[in-house]
Amino acid sequence: MGKLREEYDSLIEQRRKIIEQLTMLEESETVQQYIELKKQNEELYNQQLSLYRDVKMEEYASCSHILVCSKLVYDRYEGRTCEWCGCIKCGLDTSVLDSDYPLGLQKIMYDYLKKSHLHSLNIQEIKTDVICDMDLAQVIYAKIKSVYPNIDDETARKYFEIALDNIRNIKVSDERKENRAKRLSLDSKFKKWDISYLLYS
Ligand SMILES: [Zn+2]
């Protein structure tokens, strides 16, 4: 017991010295400036998060959506397939309504859809017959938009469908798929090129 007590007392002493040094440092101008800047940074970060939410909400509200089916879920109780859709332009995806605990960007979409009482996106939309992973759909659209910045929605839809058909119909090796994913700024291990991924999700 004596040895443990010694160890304990020694720790108290070490901490006392450190606390003394910390107190001295806190009084220095540089450290005070550091603390103040850290506080300001945190406040700005919170404002940034809140503004990001507003920016996304406005983006969703003002977008004339081009929709793909983003998720198919078979409802065993109702005996029907539920179809969620998402926009290849702004990324708004109704499948977030199927999530119990949406987080981050998903939470913003969730709140937007709930607030606007939207279960499907019926306004100003172009609906495709395409079933496609949302990440893939959005990077293809972004690529089209970067080559043709002034493209109209109807033409963009056609180009999107052609690009996706090419990706799906031309068989390539896994290595080339990886390179294609990198080119499109997707994860190199991206697997959701065709709709077979829905069978495993
Ligand atoms: Zn949209």
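Residues numbered from 1 in each chain as written. Predicted model: local features only at pLDDT ≥ 70, side-chain atom pairs only at ≥ 80, totals over all residues. Heavy atoms only, no water.

Q: So what exactly am I meant to see when it comes to the sheet that holds strand 2 (residues 80–87) here?
A: Within a sheet, each strand pairs with its neighbour through backbone hydrogen bonds, oriented either parallel or antiparallel. Sheet architecture is open: three strands sit in the order 2-1-3, paired in mixed fashion. Strands at the two margins of the open sheet, each flanked by one partner only, are strand 2 and strand 3 (126–131). Sheet twist, expressed as the average angle between the axes of neighbouring strands with direction ignored, equals 40 degrees. Contacting strand 1 (66–75) and strand 2, helix 4 (residues 134–147) runs over the sheet at an angle of about 170 degrees to strand 1. Contacting strand 1 and strand 3, helix 5 (residues 153–169) crosses the sheet at an angle of about 5 degrees to strand 3. (Pairing = 2+ DSSP bridges. Helix = DSSP H or I, 4+ residues; strand = E, 2+ residues; numbered from the N terminus. Axes fitted to C-alpha atoms, helices over the stretch in contact; angles between N-to-C directions. Contact = heavy atoms within 4.5 Å.)

Q: What is the right way to read the pattern of salt bridges from this model?
A: Close approach of charged atoms allows side chains with opposite charge to pair. Going through the model one piece at a time under the given rule, you end up with 12 salt bridges. For R16, the salt bridge is made with E13, and the minimal N-O distance between the two is 2.8 Å. Taken together, the residues R16 and E13, both in helix 1 (residues 2–27) and three residues apart, mark about one turn of the helix. For E13, a relative accessible area of 32% corresponds to the partly exposed category. The partner of K89 in a salt bridge is D153, and the shortest N-O contact between them spans 3.0 Å. Of this pair, K89 sits in the loop between strand 2 and helix 3 (104–115) while D153 sits in helix 5, placing them 64 residues apart in sequence. (Salt bridge = Lys/Arg side-chain N within 4 Å of Asp/Glu carboxyl O. Buried < 20%, exposed > 50% of the residue type's maximum accessible area, 1.4 Å probe, protein only.)

Q: Honestly, the domain arrangement of the chain in this entry has me stumped. Any pointers?
A: Many descriptions give the size of an interface as the accessible area lost when the pieces come together. Segmenting the chain into domains produces domain 1 (2–50) and domain 2 (63–200). When each unit is reduced to the centre of its C-alpha atoms, the spacing between domain 1 and domain 2 is 48 Å. (Domains from an automatic or database assignment.)

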